[in-house]
Each structure stands twice: as structure tokens, then as C-alpha cells.
Amino acid sequence: QVQLVESGGGSVQAGGSLRLSCAASGLTFSRYVMGWFRQTPGKEREFVARIVRSGGTAPYGASVKGRFTISRDNAKNTVYLQMNSLKPEDTAVYFCSAGLLSGSSYAIHYWGQGTQVTVSS
């Protein structure tokens, strides 16, 4: 059974930092493109970042580019999201994803359960 378990969420003041982790099990982690998305009530899930199997240059959502950094450790089956210079508008539930790329399309096979991030002004 595949599981993606996020951790590291919490409450922080604007300008602060958080590091999210997503531990994967039940799948061959190194084969998957891992990603982060976020969602607030009443809105669609928003792309944050994704990282290919070998790491390297990663695409980011426009609203987080330059402040967030995605990374992965294939030996630990874990993907991370370092979030710096947090803003109140970053408040959301953050979800981890595992999927595959087909051209430029990211087909998501699995989702985590989400972790809440709250940024106060």
C-alpha cells in the first residue's frame, strides 16, 4: 500500500520559515516525480513545485518562486519543501504528490493527506 505522509506544518509569523517533509512508502520512490501542491478552502489545488527523479532544476509556481526550494533524498524516500520568507497568503494545506511526466504533463498517481501551514501577519 502506497503512503505519502507529510510533516512539518504549523504556525509561523510572516517572514519566517518552515520545512515540510513527505515520507513515501510502498512505492519505488526513485522512479517517481515528486511534487508539492497547496489548497485553501473554496479554491482549486495550486501547483507549488515538483522535482524529477534525479533532482536538478525544478519548476515552481509563480507565487513561490525564489522563496521555496524543493529537494529529495532518494535514500530516505523523502521529498522536502523549504519555505522561506513566508507570507500570510501562503496559508494553506500542503499536499505531497507522486507521479510521472508525459511530455510536460504531470500525471499524479498518489497524494498525501496534507499538512496545514498557517502564516500570521
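In this text, all values refer to a predicted model and were calculated from it rather than measured experimentally.

Okay, the pairing of strand β6 (residues 68–73) next. A one-sided burial pattern is seen for β6, the buried positions being Phe68, Ile70 and Arg72 and the unburied ones Thr69, Ser71 and Asp73. The pairing of β6 with strand β7 (residues 78–83) spans six bridges and is antiparallel. Counterpart to Arg72 in the pairing with β7 is Val79. Between β6 and β7, which pair antiparallel and follow one another directly, the connecting turn spans four residues, one of which, Asn77, has a positive phi of 55 degrees.

Right, let's talk about the packing of aromatic side chains for a bit. Aromatic ring pairs: the centre-centre distance and the angle between the two ring planes describe each pair. In this structure the tally under the stated criterion is five aromatic pairs. On the basis of an interplanar angle of 75 degrees and a centroid distance of 5.6 Å, the ring pair of Phe37 and Phe47 is categorised as edge-to-face. Of this pair, Phe37 sits in strand β4 (residues 33–39) while Phe47 sits in strand β5 (residues 46–51), and the two are ten residues apart along the sequence. For Phe37, a relative accessible area of 10% corresponds to the buried category. Taking the centre distance of 6.4 Å and the plane angle of 10 degrees together, the rings of Phe37 and Tyr106 count as stacked. Taken together, the positions of Phe37 in strand β4 and Tyr106 in strand β9 (residues 105–111) put the pair 69 residues apart, joining distant regions of the chain. Assessed through its relative accessible area of 14%, Tyr106 is described here as buried.

Here we take up the side chain of Arg67. With respect to the element layout, Arg67 can be found in the loop between β5 and β6. Under the relative-accessibility criterion, Arg67 is labelled buried at 11%. Within the structure, the side chain of Arg67 is placed 2.8 Å from the backbone oxygen of Ser63, a separation counted as a polar contact. Separated by 2.9 Å, the side chain of Arg67 and the backbone oxygen of Ser85 make a polar contact. Those residues within four positions of Arg67 in sequence are excluded, and the remaining contacts are Gln82, Met83, Asn84, Ser85, Leu86, Lys87 and Asp90.

Let's shift gears to the environment of Ala75. Residue placement: Ala75 occurs in the loop between β6 and β7. Residue Ala75 is classed as exposed on the basis of its relative accessible area of 76%.

The backbone of Asn77 sits at a positive phi, close to 55 degrees, despite the residue not being glycine. With a relative accessible area of 25%, Asn77 lands in the partly exposed category. Positive phi is not limited to glycine here, since Ser85 has a value of about 50 degrees. You can see Ser85 is positioned in the loop between β7 and β8 (92–102).

What counts and how
- Residues numbered from 1 in each chain as written.
- Predicted model: local features only at pLDDT ≥ 70, side-chain atom pairs only at ≥ 80, totals over all residues.
- Heavy atoms only, no water.
- Buried < 20%, exposed > 50% of the residue type's maximum accessible area, 1.4 Å probe, protein only.
- Helix = DSSP H or I, 4+ residues; strand = E, 2+ residues; numbered from the N terminus.
- Pairing = 2+ DSSP bridges.
- Phe/Tyr/Trp six-rings, centres within 6.5 Å; stacked < 30°, edge-to-face > 60°.
- Polar contact = N/O pair within 3.5 Å; in protein donor to acceptor, adjacent residues only side chain to side chain.
- Contact = heavy atoms within 4.5 Å.

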